[in-house]
Amino acid sequence: MVNSFRAADRFGIQRVLAPLGVLPQQAERLDASLPMAEDELWIEVESLNIDSASFHQISTACGESLEKMASHIFDLVRRRGKHHNPVTGSGGMLIGRVSAVGPAFPIQEKPVKVGDRIATLVSLSLTPLEIRKIKKIYPKTDRVDIEGHAILFASGLFAQLPSDLPESLALAVLDVAGAPAQTRRLVQENQTVVVIGGGGKSGTLCLYEAKRKSGVKTIALDYSDAGIARLKALPFVDQVIQADARDAVEVMRKVSEATSGRMADLVINVANLPETEMSSVLSCRQGGVVYFFSMATSFTRAALGAEGIGADVDLRIGNGYTSGHAELALELIRESSTLRKLFTEVYCG
Ligand code: NAP
């Protein structure tokens with residue numbers, strides 16, 4: 001029961017414990033305790049969908065032991081008051097049921113009521129979270145079922161879980177909703193689009209969205225045999241390249257072959273590992289755009305690397321939020337039976 005409230009604080013700055021005065025995303029430690037503020041949402045959490053780069057890092061650091069990963073995640077959240085991986089800097093998202101809605105929460109703008117099941121669309125790296133128990137880790141889907149609670153600030157974004165799609169499917173799609181929405185903005189008719197790490201969640205959504213524009217040629221690059229097999233079965237992918245995205249010269253050579261030397265107008269990087277910046281830059285034509293959605297991207301490596309080889313390309317940082325992104329991502333999965341089948345088979349296990 002919530003009887004009293006903290007004062008309203010749209011960005012949740014009062015929940016920062018250290019260092020004081022910064023925004024929750026920059027903070028080392030947050031306070032996730034009651035009482036809630038009058039403009040907050042209190043969520044009883046069911047699952048965390050850990051960001052792919054972060055899950056991968058934790059899994060590697062724990063030698064892929066689920067038991068070690070559970071204590072690692074539990075300790076991380078107890079220490080920081082949020083699931084903010086200090087190595088990758090990233091978080092993920094969560095699903096849960098609304099336990100209380102503060103009287104000043106902007107429900108006109110963001111309709112919600114107690115009992116609604118929602119997915120947060122702001123990063124766990126800024127979401128106050130307390131875990132009481134880790135129930136299960138799903139290594140194939142980067143999902144962790146927990147008992148615990150979280151706070152959403154008045155400025156926070158969320159989506160109601162759709163009733164016509166299985167929850168795990170909706171979660172997988174919403175997790176990367178920013179990527180296809182940005183793709184829609186960036187791709188123009190008759191362009192050549194290369195997606196680095198194209199066989200994953202965001203990659204396949206971006207490829208599908210790009211292909212919706214007339215005359216677009218889609219080229220997907222991935223590394224593993226499984227990823228390549230997945231991509232070859234997709235009707236909206238025109239060409240598939242197997243290469244290691246960390247090998248910039250090899251990637252450049254293969255993209256050059258695939259584009260008869262013209263290179264891509266737009267390169268989208270969604271590979272979930274570091275050191276892939278230069279393969280993206282080198283795959284792009286002069287004057288083209290490179291869009292880094294991957295959280296493993298280093299701004300320094302991308303910017304200095306492009307300068308170092310005289311690449312006059314437009315480097316864009318992948319904003320996880322674009323207006324209407326959740327609706328668009330769900331629309332794609334409803335529209336394409338191929339995408340839906342792929343997501344169900346690969347990410348809903
Ligand atoms: P995902 O499903 O794991 O896809 C990543 C893809 O990269 C996979 O197809 C993977 O192939 C491929 N890959 C791995 N190593 C590779 C290599 N050496 N060369 C080429 N390809 C390689 O990940 P996701 O969920 O789409 O997320 C992609 C990235 O977006 C992650 O870094 C994630 O953190 C980031 N992200 C960003 C935001 C944002 O707000 N900007 C939001 C959510 C996620 P295999 O599976 O075959 O190994």
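As a starting point, this report considers the structure included with it. Computed from a predicted structure; not experimentally measured. (Residues numbered from 1 in each chain as written. Predicted model: local features only at pLDDT ≥ 70, side-chain atom pairs only at ≥ 80, totals over all residues. Heavy atoms only, no water.)

### Topic: the pattern of salt bridges
And then number 1: Taken as a whole and judged by the stated rule, the model has 27 salt bridges.
And then number 2: A salt bridge links Asp-164 to Arg-334, with the shortest nitrogen-to-oxygen separation between them at 2.7 Å. Here Asp-164 is found in the loop between strand 8 (158-160) and helix 3 (167-175), whereas its partner Arg-334 is found in helix 10 (residues 325-335), with 170 residues between them in sequence.
And then number 3: The class for Asp-164 is partly exposed, based on a relative accessible area of 41%. (Salt bridge = Lys/Arg side-chain N within 4 Å of Asp/Glu carboxyl O. Helix = DSSP H or I, 4+ residues; strand = E, 2+ residues; numbered from the N terminus. Buried < 20%, exposed > 50% of the residue type's maximum accessible area, 1.4 Å probe, protein only.)

### A look at the layout of surface pockets
And then number 1: Volume-wise, the second largest pocket comes out at about 340 Å³.
And then number 2: Lining of the second largest pocket is provided by 17 residues; of these, Leu-121, Phe-158, Ala-159, Ala-326 and Glu-327 occupy positions nearest its centre.
And then number 3: Of all elements in the fold, only strand 8 and helix 10 reach the threshold of two or more residues within the lining of the second largest pocket.
And then number 4: The leading source of residues in the lining of the second largest pocket is helix 10, at four residues.
And then number 5: Grouping the constituent residues of the lining of the second largest pocket by class yields nine nonpolar, five polar and three charged.
And then number 6: Counting contributing residues, the lining of the second largest pocket receives three or more from each of domain 1 (13-161) and domain 2 (178-347). (1 Å grid on protein atoms, 1.4 Å probe; cavity = no way out; pocket = protein on both sides within 12 Å on 5 of 7 lines; lining within 4 Å. Points joined across faces, edges and corners; volume = space filled by probe spheres on them. Nonpolar A, V, L, I, M, F, W, Y, C, P; charged D, E, K, R; others polar. Domains from an automatic or database assignment.)

### As for the site of the ligand
And then number 1: Within the structure, the ligand sits among 28 residues, and Asp-51, Ser-202, Asp-222, Ser-224 and Asp-244 are positioned closest to it.
And then number 2: Between an oxygen atom of the ligand and a side-chain N or O atom of Ser-202, the distance comes to 2.4 Å.
And then number 3: Contacts to the ligand include Gly-320, whose backbone N or O atom sits 3.3 Å from an oxygen atom.
And then number 4: Those elements giving two or more residues to the shell around the ligand turn out to be helix 1 (52-61) and helix 5 (201-211). (Near = heavy atom within 4 Å. Polar contact = N/O pair within 3.5 Å; in protein donor to acceptor, adjacent residues only side chain to side chain.)

### Considering the packing of helix 10 against helix 11 (residues 337-347)
And then number 1: Contact geometry of helix 10 with helix 11 gives a least axis separation of 5 Å together with a crossing angle of 100°. Here helix 10 is positioned roughly perpendicular relative to helix 11, judged by the angle of their axes. Only Ser-337, Leu-339, Arg-340 and Phe-343 of helix 11 make contact with helix 10, whose side of the interface consists of Leu-332, Ile-333 and Glu-335.
And then number 2: Of the residues in the contact of helix 10 with helix 11, the class split is four nonpolar, one polar and two charged. (Axes fitted to C-alpha atoms, helices over the stretch in contact; angles between N-to-C directions. Parallel < 35°, antiparallel > 145°, perpendicular 65-115°, else oblique. Contact = heavy atoms within 4.5 Å.)

Keep in mind that these numbers describe shape and distance, not what the molecule does.
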